[in-house]
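Descriptive analysis of the structure
Next come the chains, spelled out residue by residue.
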Amino acid sequence: MTQQETVKQTSSFTIAGKVRDYMMLIKFSLSFMVVFSAVISYLLAPKVVEFDWAMIIWLFVGGMLVTGSANAVNQVVERDTDAMMKRTAKRPVASGRMSVAEGWAFAIITLIAGVVILAYYFNILSAAVALVSWFIYAFMYTPLKKVSAIAVLLGAVPGGLPCLIGWAAGQDDLSAGGWVLFAIQFFWQFPHFWAIAWISHNDYSKAGFKLMPSVEGPGRYSAVQSIIYSLVLIPVGILPYLIGMSGMISFWIIVAANIFMTWQSVRLYREMEVKAARRVMFSSYIYLPIVLLALLADKL
């Protein structure tokens, strides 16, 4: 019996194994971060004046279902390339533990359930934005990854839309505050994603993905691009204060976080090593919750 057959049996015939497979299919950690930004954006909406835990939970569940569906489609479509990469070879569809039909069924059911929850408990606008985000990620960004690095720019759109989903859910419109939050998360993704692409460049190249800003892959040009987008985050980060959305405390916290992110990108340029890219990646993971929680604390 081959190792793949052993893994397939272990996963297919145990409840725990099946749960693990579904957690991998929705990319739980990534989905959690995405939904976290939607929930904080919801709480930042001026019309939301109290912590209604029932509504927060419904938003979390609806957002997790739509995001998980998009990630499931991504894994079904990319099953062959996932199988080529060490980092993704153990994903359920790529490894053969889950059938393509099961993956599609899961994606469709979770999408419908998530959109219905957002429409019923919040409004049609938030459900519509979620559906647009799902479509761009699943059927535009995913296939474009093998064509051009412009996929990163396109992928940053659904990456930032959770902020608009949350804002729309709480405010029932797409006003300035929601777009400011979208802009922060949109520009944040470039140094974040390029750091990941730098670390995983060999795997991505093997699979035919073109995700670095330079055709030469990790290099000075890519590091400069990370610096540029980190610098762009500095003026974008002060927009919440300028539109009266936050106060001085979050203003200085965000400025400090943006300077820190820029410094890590500068270090990447100077060192040109994977460990420097890993610092950018981990710094970006810390950056987003700090910024969003600082804005929320200022509102409270």
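About the thresholds
- Residues numbered from 1 in each chain as written.
- Predicted model: local features only at pLDDT ≥ 70, side-chain atom pairs only at ≥ 80, totals over all residues.
- Heavy atoms only, no water.
- Helix = DSSP H or I, 4+ residues; strand = E, 2+ residues; numbered from the N terminus.
- Buried < 20%, exposed > 50% of the residue type's maximum accessible area, 1.4 Å probe, protein only.
- Contact = heavy atoms within 4.5 Å.
- Areas by Shrake-Rupley, 256 points an atom, 1.4 Å probe, with all protein chains shown as cover.
- Lys, Arg positive; Asp, Glu negative; His and termini not counted.
- Charge placed at Lys NZ, Arg CZ, Asp CG, Glu CD.

This part is about the overall build of the protein chain. Summing up its helical and strand segments, the protein chain has 15 helices and zero strands in all. In terms of principal-axis extent, the alpha carbons of the protein chain reach across some 65 × 50 × 30 Å. Per-residue burial for the protein chain yields a buried fraction of 52% across its 300 residues. Intrachain contacts of the protein chain at a sequence separation of at least 6 include 72% that bridge at least 24 residues. Of the accessible surface of the protein chain, which amounts to about 13,700 Å², a share of 70% is contributed by carbon and sulfur atoms. Positive and negative side-chain charges of the protein chain, numbering 22 and 15 respectively, have mean locations separated by a distance of 8 Å.

Our next topic: the side chain of Thr110. With respect to the helices and strands, the residue Thr110 is situated in helix H7 (residues 100-121). The exposure class assigned to Thr110 is buried, which follows from its relative accessible area of 8%.

Let's shift gears to the environment of Glu273. Tracing the chain through its elements places Glu273 in the loop between helix H14 (248-271) and helix H15 (274-299). Taking relative accessible area as the criterion, Glu273 reaches 37% and is therefore assigned partly exposed. Remark: the alpha-carbon pair of Glu273 and Ala105, spanning 168 residues in sequence, is separated by 42 Å. For Glu273, the contacting residues outside a window of four places in its chain are Trp198 and Leu268.

Interpretation note: all reported values are geometric properties and have no functional meaning in isolation.
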